[in-house]
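Breakdown of the fold
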Amino acid sequence: MAIDDFATRELARRRDAGLIRRLRQIDGPQDTWVNVDGRRALLLCSNNYLGLANHPAVQEAARRAATEYGVGAGASRLISGSMQLHHALEARLAALKGTEAALLFTSGYHANIGAITALVGEGDAVFSDELNHASIIDGCRLSRARVFVYAHNDATALEAQLSRSAARRRLVVTESIFSMDGDTAPLRALCEVAERYDAMVMVDEAHATGAVGPGGAGVVEAEGLQSRVTVQMGTLGKALGTFGAFIAARRAVIDLLINTARSFIFTTALPPPVVGAALAALDIVATDAGRRWRLAENAAVLRHGLAAHGIPCRAGGTHIVPVLIGDAERTMRMSEQLLAEGVFVQGIRPPTVPPDTARLRVTVMSTHSWDDLQHAVDAFRRVFTAEG
Ligand SMILES: Cc1ncc(COP(=O)(O)O)c(C=O)c1O
């Protein structure tokens, strides 16, 4: 078959460039330790930041929702009815984010492409940070708006682009905590620039929702910018330990999304057990701030331990701790060596990150013990020493 030839050639090309991807089987839940390909290893690459993916209360809530509401939503919410459970979760998320309303999406990918394409279209312009996630990039492309990519976290570069734009509607879009670098966007400065040019601001809080902020709402909350950000996007599949995502915004924006966001309209709604679990996860986020403190503390302890051995981890204070290697093949080799040392850390290569910036993306969880982190530091030290 022609497709087999194409696939073989394409995969060989990727293998030669050190870019081949493969699935690794793990047994059991996303816990602090997992069995990877049959080997026991410390899990240092999960976005289950607060350890809620297998928290007993969250699991129990999923079971209860399955019993009461079944395991499937049946269809898109515009087709077979919008379940009370979905509305309850949206009310909780709007309250968390300090907005009039919220709308659930099946994933962060769906939320980003749905929101961006609903907010801007032909004749409009979207201004996107150069390190934004693929789902934001795809949303920009799908929107048919003119796309301007500004230098990472650079409000001055953004202003230069905005000042030259005569577009009908303008949207600035950024992550708050960047998924592959773990640094934080200068949201206040970006909002100030956007306001000067009457631009909307959309903030992707995939890695911040539940994990940072006084109430666990994210960086927008921590900076008190709720009324200045047009659209807050959050995910349920990372710190909240479950699955799905949402957009929080003014009622008019949410109504617009219900009517025009194709990734909301044309897909089956989140399953009830997931929604029930997310509600229970929000209860824990609201009542157990200690998990967020431990997350930040664990990140600081790990950074400090790595830096003490000269291991090049990026400065900056979040729970995503990238260790920059550069070369893709070397990165993957070190990832294998770490696994042999009992530490599961994923190598991240282009095109997920820019060329020559391959890295080991280390993420801590609030449930890691200090012994776990010491185990990680020892393993990194041995691997870096062996690599020279
Ligand atoms: C910054 C960012 N936005 C969006 C997404 C997509 O979220 P989801 O995994 O729920 O599709 C991710 C996750 O991979 C992400 O890192």
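In this report, the structure presented in the accompanying data block is examined. (Residues numbered from 1 in each chain as written. Predicted model: local features only at pLDDT ≥ 70, side-chain atom pairs only at ≥ 80, totals over all residues. Heavy atoms only, no water.)

Digging into the sheet that holds strand β2 (residues 33-36)
In plain terms, the rule: Should DSSP find at least two bridges between two strands, the strands are taken to pair. Labels follow the DSSP assignment, with helices taken as runs of H or I lasting at least four residues and strands as runs of E lasting at least two, numbered in each case from the N terminus.
Within the open sheet, the four strands sit side by side as β1-β2-β3-β12. Their pairing is mixed. Where the open sheet ends on each side, the last strands, each with one partner, are β1 (26-27) and β12 (343-344). Note: β2 against strand β3 (residues 39-43), four bridges, orientation antiparallel. Looking at the pairing, Val-36 lines up with Arg-39 of β3.

Overview of the site of the ligand
Spelled out, the test is: We call a residue near a molecule or strand as soon as one heavy atom of that residue lies within 4 Å of the molecule or strand. N or O atoms closer than or at 3.5 Å make up a polar contact, with two conditions inside protein: a donor-capable atom paired with an acceptor-capable one, and, for residues adjacent in sequence, both atoms drawn from side chains. Here the accessible surface of atoms and residues is derived via Shrake-Rupley with a 1.4 Å probe, and residues count as covered only by protein chains that are part of the display.
With respect to spatial proximity, 14 residues lie near the ligand, and among them Gly-108, Tyr-109, Asp-204, His-207 and Lys-238 are the closest. Between the ligand and the protein, one listed contact pairs an oxygen atom with a backbone N or O atom of Gly-108 at 2.7 Å. Here His-207 contributes a side-chain N or O atom positioned 2.6 Å from an oxygen atom of the ligand. Coverage of the ligand by the protein chains reaches 80% of its 390 Å² of free accessible surface. Ranked by the residues each element gives to the shell around the ligand, the list is headed by helix α5 (residues 108-119), at three residues.

A few points about a nonpolar patch on the surface
Let me state the cut-off plainly: Patches in this entry comprise residues that are over 30% relatively accessible and not in a salt bridge; like charges within 9 Å are linked, as are nonpolar side chains (Val, Leu, Ile, Met, Phe, Trp, Tyr) within 5 Å. Salt bridges are defined as contacts in which a side-chain nitrogen from Lys or Arg sits within 4 Å of a carboxyl oxygen from Asp or Glu.
Taken together, Met-1, Ile-3 and Phe-6 make up a surface patch of nonpolar side chains, about 370 Å² in accessible area. Positionally, Ile-3 belongs in helix α1 (residues 2-16).

Quick word on the side chain of Ser-143
Worth spelling out the cut-off: By definition, residues are in contact when any of their heavy atoms lie within 4.5 Å.
Mapped onto the secondary structure, Ser-143 falls in helix α6 (residues 134-143). A distance of 3.1 Å separates a polar atom in the side chain of Ser-143 from the backbone nitrogen of Ala-145. Leaving out residues up to four positions away in the same chain, Ser-143 has contacts with Ile-116, Thr-117, Val-120, Gly-121 and Glu-122.

A few points about the packing of helix α14 (residues 328-340) against helix α15 (residues 370-387)
To keep it simple, the criterion reads: For helices, the fitted line uses only the C-alpha atoms of the stretch in contact; every axis is such a line through C-alpha atoms, and the angle between N-to-C directions lies from 0 to 180 degrees. Roughly parallel here means an angle under 35 degrees, roughly antiparallel means over 145, roughly perpendicular means 65 to 115, and every remaining angle is called oblique. Crossing handedness: left-handed means the near helix sits turned counterclockwise from the far one by under a right angle, and right-handed means the same turn made clockwise. Polar here means any residue other than Ala, Val, Leu, Ile, Met, Phe, Trp, Tyr, Cys and Pro, which are nonpolar, and Asp, Glu, Lys and Arg, which are charged; Gly is therefore polar.
Packing of α14 against α15 leaves a shortest axis separation of 10 Å and a crossing angle of 135 degrees. Taken as axis vectors, α14 and α15 run oblique relative to one another. Note that α14 runs across α15; the crossing there is right-handed. Across the interface between the two elements, Arg-330, Arg-333, Met-334, Gln-337 and Leu-338 of α14 pack against Ala-379, Phe-380, Val-383, Phe-384 and Glu-387 of α15. Looking at the contact of α14 with α15 residue by residue, the classes come out as six nonpolar, one polar and three charged.

Remarks on a negative patch on the surface
Here is the rule: For the purpose of charge, His is not counted, nor are the chain termini; Lys and Arg are scored as positive and Asp and Glu as negative. Charged side chains are reduced to one point each, which is NZ for Lys, CZ for Arg, CG for Asp and CD for Glu.
A surface patch of like charges, here negative, comprises Asp-16, Asp-327, Glu-329 and Asp-356. Within the fold, Asp-16 resides in helix α1.

Some thoughts on the environment of Arg-64
Tracing the chain through its elements places Arg-64 in helix α2 (residues 56-69). Considered as a pair, Arg-64 and His-309 are 245 residues apart in the sequence and their alpha carbons are 48 Å apart.

Some thoughts on helix α7 (residues 155-163)
Convention followed: Note on exposure labels: buried denotes an accessible area under 20% of the residue type's maximum, exposed denotes more than 50%, and partly exposed covers the range between, all computed with a 1.4 Å probe on protein chains only. By arc we mean the arc of the directions from the helix axis to the C-beta atoms, nothing more.
Among the residues of α7, those classed as buried are Ala-155, Leu-158, Gln-161 and Leu-162. Looking straight down α7, one finds its buried side chains confined to an arc of 120 degrees; they lie on one side. Packed against the buried residues of α7 are β5 (125-129), β6 (146-150), β7 (170-175) and α8 (187-196). Two to three positions downstream of the cap, the backbone nitrogen of Thr-156 sits 3.1 Å from a side-chain oxygen, assigning the N-cap of α7 to Asp-154.

Note that all results are geometric; they support no functional claim without further evidence.
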